[in-house]
Amino acid sequence: MTRRGRRLSLLSAAVAAVAAGVSLVALAAGGGRGSVAPVAGAGPAAGGPTLAPPAEPALDVPQPEPLRTSRFDSTWAAVKSAAPVRAAARTGAEIISRLGPRTPEGTTNIVLALDRVEDAEGSLWIKVRVPALPENVAGWVPRWALGGYGVVRTRLVVDLSDRRLTLFRSGEAVFRAPVGIGTAQFPTPTGDFYVRNKLSRYRNAFYGPLAFGTSARSTTLTDWPAGGFVGIHGTNQPGLIPGRVSHGCVRLRNEAIVRLARLLPIGTPLRVRA
Amino acid sequence: MSLSDFTDLRLADLDRDGALREAADNLERTSRAGFFAAAAGGMAAAVALGRPQAAGAALAKSDVAILNYALTLEYLQDAFYTEAQRKGALSGAAARLARVVGAVERAHVKALRDTLGKQAVKRPFFDFRGVTEAPERFTRTAVAFEDLGTAAYKGQAHRIKSPQVLAAAVAIHSVEARHAAWIRYIAGVLPAVEPFDEPKSAKETLQLVRTTRFVVGRPRTRSRRRPRFTG
C-alpha cells in the first residue's frame, strides 16, 4: 500500500471510531435522566440494546458539613519521646523543664498543646503546658517529641473559696459537686493545669473507686512519692466534704466521682481558682 | 507517585491498635470464605445491615469487609484533613482544599459507619507527625493519599457482590479521583497523564499506609495502679 493509501486507511479507521464513539455517547445520553433527545436510530426505541437503570447506592452519603470548631476546643498531645522543655522555640534556649513519655502511674504522659511555630530552619515547635513546678509552666518542645493530637471541648473548674467543682462542655455547666480541698498547711495549688489520666479498680478505699491524675503539683509536699501530684478522687470519709481536709487533692463523694468519670475526658483543661 | 516519595518513611510496624491488621485480615478471610461459599453454591454468609433500601437489606460478609476496609481509609483521610484544618497552618488553595475535602471525607465516614452499624471498625488513633502543620509536606502527602484512595477503591471493585455496594463504591471512587486531580493541580503535578489507572490491592494499600507510621496506638491514659497522689 502507498503512503497515501495508508493515510486514507488510517483516516477511515479514525472516522469510523469517532462515529462509533458518537453513537455510544448518544445511546448513553438517551438512557440518562434529563438528557438530550436521543439520536434517531441510536436509542432503544430503534431496536438498540436496553440498558438497565443505575443501581441505587447502598450508602446514604450526607451533605458535607463544615468542621465545627469552637473557642472551647483544647488540644492535647501524647509525649512520644523524652525532651527538654525550652523557654523559647529554638535549640539552645533555656531549659525550664523536662518531659518523659510516662507518668508515675505508668500511663502515657500527655501535655496541653497551646501554640505552634516554625523556626528559621523549618523545624516545628509546639508550646505546651507541662506538669512541673512552679505552677502554670508552659514552654516549647520540638514537634518530634510529641505523638498524635486529641481534642476536647470540656473544661473543669475548681473554685476553692466555694469548695465546688464544675465541669463545662462547650461552655455550659454539665456537672457540679461539692469538694474537699487542701488544708491551709497543704493547700491545693491554684492555676491552669489539665487532667492526664484515670485510675480505677485499685484497692484503696482512701481514694474511693476512681481517681483522676492532674498535672498540678503540691508546692508544699514536694518530696511526696511520685512527685506530689494532685489528684481528683473519691473518699472513704464523705462527711468531710465540703471542707478544707486534704493534702492538696480534690476529693469528691464517691457517687459524684463516678458520675464525673462518665463525663470527663482525659486532656480536659483544669483551672483551680482561689 | 507513592507515599514514600513524600514522607520520611521507615518500614516500621506501629499498628498497635491493630486497625490496619484487622482490615487486612477481614479482607483476606472473606476472600477465602467467598471462594468456599461460591463453591458450595450459595451465599450463606449474608448478614443484615441497617439500611432497608439496600438490596434485600442484606450484604455478604465480603462486602462488609470491603466497606470496613474503605472505612479505614476514609478514617485516615478524614483525620488528616480535619487536623490540618484545626492546626491552621495552611493558607490559600491548600487551606480551601483541606476544608472542602475534609468535609467530604467526614461525610464518607458517616455514611459508611451508618451503613455498617455495629460492624463498623473502630476509628484508629493517628499521629501525622507534623505533616498537617507543614504546608509543603501536607500537599505532597495529600497527593499520595488521594492517589492511594482512588487505587484502593478500584482494587476492590471486582470483588463487590452487591450492585448497590458497587454503585456506592463507584460513586465515592470518582469523588476521590476528583480530589486527586485537585490536589495534584495545587501541587503542580499533572492530574492525568497516564491512559490507564492501576488498581492497588488491599495488601499493597495497607502496607503503604503502615509505612507512613501515621496509624499509632491510642495513648494509654487508664491504669489500675494504686494512686500516689497527695491525698
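Reading guide: rules and limits
- Residues numbered from 1 in each chain as written.
- Chains lettered and ligands numbered in written order.
- Predicted model: local features only at pLDDT ≥ 70, side-chain atom pairs only at ≥ 80, totals over all residues.
- Contact = placed C-beta atoms within 7 Å.
- Nonpolar A, V, L, I, M, F, W, Y, C, P; charged D, E, K, R; others polar.
- Pairing = 2+ DSSP bridges.
- Helix = DSSP H or I, 4+ residues; strand = E, 2+ residues; numbered from the N terminus.
- Domains from an automatic or database assignment.
- Buried ≥ 20, exposed ≤ 12 C-beta atoms within 10 Å, placed from the backbone.
- Axes fitted to C-alpha atoms, helices over the stretch in contact; angles between N-to-C directions.
- Parallel < 35°, antiparallel > 145°, perpendicular 65-115°, else oblique.
- Left-handed = near helix turned anticlockwise from the far one by under 90°.
- Expected span 1.5 Å × (residues − 1).
- pLDDT = per-residue confidence, 0-100.
- Core = buried A, V, L, I, M, F, W, Y, C linked by C-beta atoms within 7 Å.

What follows deals with the interface of chain B and chain A. Taken residue by residue, the interface counts 46 residues in chain B and 56 residues in chain A. Counted by class, the side of chain B that touches chain A contains 18 nonpolar, 13 polar and 15 charged residues. Pairing geometry for strand β12 (residues 191–200) of chain A and strand β5 (residues 222–223) of chain B, over two bridges, is parallel. Opposite L199(A), over in β5(B), you have S223(B) as the bridge partner.

With that settled, the discussion passes to the environment of R176(A). Residue and element names in this part refer to chain A. Checked against the element boundaries, R176 lands in strand β10 (residues 172–178). Taking the C-alpha atoms as reference, R176 lies 4.5 Å from T166; in sequence the two are ten residues apart. Sequence-distant contacts of R176, defined by excluding residues within four places in its chain, comprise R164 and T166.

All names here are of chain A. When strand β8 (residues 154–159) meets strand β17 (residues 269–273), the two strands line up parallel, connected through four bridges. Residue pairing across strands places V158 opposite V272, the latter belonging to β17. Summarising the sheet, β12 and β17 pair through four bridges and their orientation is antiparallel. Across the sheet, the residue bridging to F193 is L270, located in β17.

Residues and elements named next belong to chain A. According to the domain assignment, chain A consists of domain 1 (74–152) and domain 2 (154–273). If you average the C-alpha positions of domain 1 and of domain 2, the two centres end up 24 Å apart. Counting residues at the interface gives 15 residues for domain 1, matched by 21 residues for domain 2. If you list the elements that add at least two residues to the side of domain 1 that touches domain 2, you get β1 (74–79), β4 (110–118) and β7 (146–152). Here the side of domain 1 that touches domain 2 is composed, by residue class, of seven nonpolar, five polar and three charged.

Residues and elements named next belong to chain A. Structurally, A88 can be placed in the loop between β2 (83–86) and β3 (95–99). Classification of A88 by C-beta neighbours within 10 Å gives partly exposed; the count is 15. Separated by 37 residues in the primary sequence, A88 and W125 place their C-alpha atoms 9.2 Å from one another. In this view, A88 contacts A93 and W140; residues no more than four positions away in its chain are not counted.

Our focus in this paragraph is the packing of helix α5 (residues 135–156) of chain B against helix α7 (residues 202–212) of chain B. Residues and elements named next belong to chain B. As a packed pair, α5 and α7 sit with axes 9 Å apart at the nearest point and diverge in direction by 155°. Compared by their axis directions, α5 and α7 come out roughly antiparallel. Seen along the crossing, α5 lies across α7 with a hand that is left-handed. Between α5 and α7, the residues in contact are L148, A152 and G155 and A202, T205 and L208, respectively.

Moving on, we get to unusual backbone geometry. All names here are of chain A. Geometrically, the link from I241 to P242 is a cis peptide bond, its omega value of 0° lying close to zero. Mapped onto the fold, P242 is located in the loop between β14 (229–233) and β15 (243–246). If you check the backbone angles, S170 has positive phi at about 50° while not being a glycine. Along the chain, S170 falls in the loop between β9 (164–169) and β10.

Bringing helix α6 (residues 163–187) of chain B into the picture now. Relative to the 36 Å expected for 25 residues at 1.5 Å per residue, α6(B) spans 36 Å between its end C-alpha atoms, a close match to the ideal helical length. Taken from the residues just after α6(B), G188(B) is the one with a positive phi, measuring 80°.

Attention now goes to the confidence of the model for chain A. For residues with low pLDDT, the predicted coordinates do not support detailed interpretation. Confidence in the prediction for chain A averages 86 pLDDT; 82% of positions are at 70 or higher. Here residues 14–35 of chain A scores under 50 on pLDDT; set against residues more than four positions off or in separate chains, the count is 14 contacts.

Packed helices, taken two at a time, are described by the angle between their axes plus the distance between the axes. All names here are of chain B. Relative orientation of the contacting elements α5 and α6 amounts to 155°, with a least axis distance of 8 Å. Between α5 and α6, the angle is such that the two are roughly antiparallel. Between α5 and α6 lies a crossing whose hand is left-handed. The residues of α6 that touch α5, namely those facing T139, R140, A142, V143, E146, D147, G149, T150, Y153, K154 and Q156, are A169, I172, H173, E176, A177, H179, A180, I183, R184, I186 and A187.

Our focus in this paragraph is the pairing of β14(A). It is a general feature of regular strands that their side chains alternate between the two faces of the sheet. All names here are of chain A. In terms of residue burial, β14 counts as a mostly covered element, since five of its five residues are buried. Burial along β14 is two-sided: the face carrying F229, G231 and H233 and the face carrying V230 and I232 are both buried. Inspection of the sheet shows strand β13 (residues 210–217) paired to β14 by four bridges, in the antiparallel sense. Pairing of G213 across the sheet is with G231, part of β14. Examined bridge by bridge, β14 and strand β16 (residues 250–251) share two bridges and lie parallel to one another. Each bridged residue has a counterpart across the sheet, and for H233 the counterpart in β16 is R251.

Now for the confidence of the model for chain B. Residues and elements named next belong to chain B. In this model, chain B carries a mean pLDDT of 82, and residues with pLDDT of at least 70 account for 75%. Low pLDDT (under 50) marks residues 1–16, which in the prediction has 32 contacts with non-local residues, meaning those over four places away or in another chain. Throughout residues 32–57 the model reports pLDDT below 50, and contacts reaching past four residues in sequence, or to other chains, amount to 38 contacts. Interface confidence for the predicted complex, given as ipTM, is 0.77, next to a pTM of 0.79.

Ranked by size, the top nonpolar core spans 109 residues in total, and within it A77(A), V111(A), I126(A), V141(A) and A70(B) carry the most contacts. Here this core takes 14 residues from helix α3 (residues 61–87) of chain B, the largest share from any one element. Structurally, this core is a two-domain feature, drawing no fewer than three residues from each of domain 1 (74–152) and domain 2 (154–273) of chain A. Residue contacts for A70(B): discarding those within four places in its chain leaves L112(B), Y153(B) and A169(B).

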